[in-house]
Amino acid sequence: MIPMSHYLILSSILFSISLAGIFLNRKNIIIMLMSLELMFLSINFNFIIFGNYLNDLTGQIFVFFILTVVAAESAIGLAIIVVLYRNKQGINVEDIARLKG
Amino acid sequence: MNVEIIIFYIFSLLLLSSSIAVVTLNNPVKSAISLVFSFFSSAILWLLLNAEFLSIILILVYVGAVMVLFLFVVMMLDINISQVQEGFVKYLPIGIFVFATIAGLLSYFFYNQFENSDDNIITSIDLIGTDNTKNLGYLLYTEYILAFEIAAIILLLGIISAITLTLKKSATNKYQNPSDQVNVSKKDRLLIIRDEDRIK
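Residues numbered from 1 in each chain as written. Chains lettered and ligands numbered in written order. Predicted model: local features only at pLDDT ≥ 70, side-chain atom pairs only at ≥ 80, totals over all residues. Heavy atoms only, no water.

A. How the structure looks around the overall build of chain A. Looking only at helices and strands, chain A has 3 helices and 1 strand in total. Going from the N terminus to the C terminus, chain A shows its helices and strands as β-α-α-α. Its C-alpha atoms give chain A a radius of gyration of 17 Å, clearly above 13 Å, the size a compact globule of 101 residues would have. Along the first, second and third principal axes, the C-alpha set of chain A runs to 55 × 25 × 20 Å. Looking at chain A as a whole, 63% of its 101 residues are labelled buried. Sequence-distant contacts, at least 24 apart, represent 60% of the contacts inside chain A between residues at least 6 apart. (Helix = DSSP H or I, 4+ residues; strand = E, 2+ residues; numbered from the N terminus. Rg over C-alpha atoms; globule rule 2.2 N^0.38 Å. Buried < 20%, exposed > 50% of the residue type's maximum accessible area, 1.4 Å probe, protein only. Contact = heavy atoms within 4.5 Å.)

In structure tokens:
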């Protein structure tokens, strides 16, 4: 049987890979969104692992709601990227800094 | 050597290598494909953790809907890769530093905290009852019904905001202006011409 610490180490390595991905792809907003998805995946991993450990289904319920919220978030984020591309003819992140509110 | 352990190590290696590919490949289409792959391998790992319903949901919703949306957007936009990729080498040391620090600290903590007792082994015994989907549905519709409805509202919000952001007003589109419709008065619509005026 697999010890719980192996699963936890796997999810923490996944989280740090996605965090490093946000640092590495400072210019590419689509890859940043993908790294965000990976980060949510590792958080969901932790919820499921601890739900299994505590013999409680609440962790899986939480994962269900996180998946819902992340789906809505990525839809809105991609819509913002499409609008940015339409206005600036590119998805350079530095173009966002030119917005004046 | 147990089959479960072999499956765990194979798919965790696949998950980690495909997630590294997501953040390092310079073509966004390739990154999206490797993100699909990492979702698949984590769905299999969730099956080992007795979360059958969620692993199927991960494949159906994530790979089937969200990643297709990502691929649509990536292929629709004409991205200048060389411009987007600049700064990768510049930020590589700080990226590796962040990765090493966070991964090292978390792994150290988890290894020390959860290694030494006997009851922290993930078993294949089912959680409560036998049917994961049935239990999740029961909890969702009784205890978490309010959160479930709020999730529905959040999805509606996502639909509305995505449509209003990307909707383009063009001359060929016909749409109503409600404030004009409300503000209309009788004079604008009806012209009264008297008979004697016309004769004159």
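B. Structural view of the packing of helix α3 (residues 58-88) of chain A against helix α6 (residues 132-142) of chain B. Viewed as axis vectors pointing N to C, α3(A) and α6(B) meet at an angle of 75°, and their least axial separation amounts to 10 Å. Our classification of the angle between α3(A) and α6(B) gives roughly perpendicular. Contacts between α3(A) and α6(B) involve Q60(A), I61(A), F64(A) and F65(A) from the former and N132(B), L136(B), L139(B) and L140(B) from the latter. Partitioning the contact of α3(A) with α6(B) into residue classes produces 6 nonpolar, 2 polar and no charged. (Axes fitted to C-alpha atoms, helices over the stretch in contact; angles between N-to-C directions. Parallel < 35°, antiparallel > 145°, perpendicular 65-115°, else oblique. Nonpolar A, V, L, I, M, F, W, Y, C, P; charged D, E, K, R; others polar.)

C. Here's a closer look at the packing of aromatic side chains. The final tally for this structure, using the stated rule, is 10 aromatic pairs over all chains. Ring centres of F64(A) and F53(B) lie 6.3 Å apart, and the angle between their planes is 25°; on these two criteria the pair is classed as stacked. You can see F64(A) sitting in helix α3 and its partner F53(B) sitting in helix α3 (residues 52-76), one on each of two chains. When its relative accessible area of 18% is taken as the criterion, F64(A) is described as buried. Judged by relative accessible area, which is 24%, F53(B) ranks as partly exposed. Pairwise contacts between aromatic rings join F64(A), F65(A), F53(B), Y141(B) and F148(B) into one cluster. (Phe/Tyr/Trp six-rings, centres within 6.5 Å; stacked < 30°, edge-to-face > 60°.)

Functional significance is not addressed by these values, which are geometric in nature.
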